[in-house]
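What follows is each chain in one-letter form.
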Amino acid sequence: MLRHRPHLLWLLVPFVLFLVALPWVNRVRPVVLGLPFLSLWLLGATVLTPVAVALAWRGDQRLRRREGAE
C-alpha cells in the first residue's frame, strides 16, 4: 500500500513525536522560552500534527487527480 501511496508516511510524524521520542525529551531542564523542554516539545508536536495530516491529504488529492486523468 505504501508503494502506491508514500505520502501516507507523513502520518508517522505525530506518532514519532508523541510516542517514540517522548522518553528522550522527558526533561524539565533545559528551559526554553520559559517553558520546560517537555512542554515545548509537546507544543511543537501539537503544531506539527495538522501540518503532517495536511501533507498526507494533499498527496492523496494529487493521487486521486492523477488516477482520474488516466
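To keep things clear, this report deals only with the structure shown in the data block. What you see is a predicted model; the values in this text were computed from it and never measured.

### Digging into the overall build of the chain
Broken down by element type, the chain carries 3 helices and 2 strands. Counting from the amino terminus, helix and strand elements in the chain follow one another as α-α-β-β-α. For 70 residues, the compact-globule estimate of 2.2 N^0.38 gives 11 Å, and the C-alpha radius of gyration of the chain, at 16 Å, exceeds that figure by more than 25%. When the 70 residues of the chain are sorted by exposure, 17% land in the buried category. Taking the contacts inside the chain whose residues are at least 6 apart along the sequence as the reference set, 56% of them involve residues at least 24 apart.

### A look at the environment of His7
Position of His7 relative to the elements: it lies in the segment before helix H1 (12-20). Through-space distance from the C-alpha of His7 to that of Arg27 is 32 Å; in sequence the pair is 20 residues apart. Residues within four places of His7 in sequence aside, it is in contact with Ala56, Gly59, Asp60 and Leu63. One polar contact links His7 to Asp60, side chain to side chain, over a distance of 3.0 Å.

Basis of the calculations
Residue positions are given per chain, counting from 1 as you read along its sequence in written order. Predicted model: local features are reported for residues with pLDDT of at least 70 only, side-chain atom pairs are reported and counted for 80 or more only, and whole-chain, interface and lining totals are derived from all residues. Values shown for side chains rest on all heavy atoms present in the structure; no hydrogens or waters enter the calculation. Runs of H or I in DSSP of at least four residues are treated as helices and runs of E of at least two as strands, each being numbered from the N terminus. Throughout, radius of gyration means the C-alpha value; the globule benchmark is 2.2 Å times the number of residues raised to the power 0.38. Burial here depends on accessible area, computed with a 1.4 Å probe over protein chains only, as a share of the maximum for the residue type. Under 20% is buried, over 50% is exposed, and the range in between is partly exposed. The contact criterion used throughout is that any non-hydrogen atoms of two residues lie within 4.5 Å. Polar contacts, as counted here, are pairs of nitrogen or oxygen atoms within 3.5 Å of one another; within protein the pair requires one atom able to donate a hydrogen and one able to accept it, and residues that are adjacent in sequence qualify only if both atoms are side-chain atoms.

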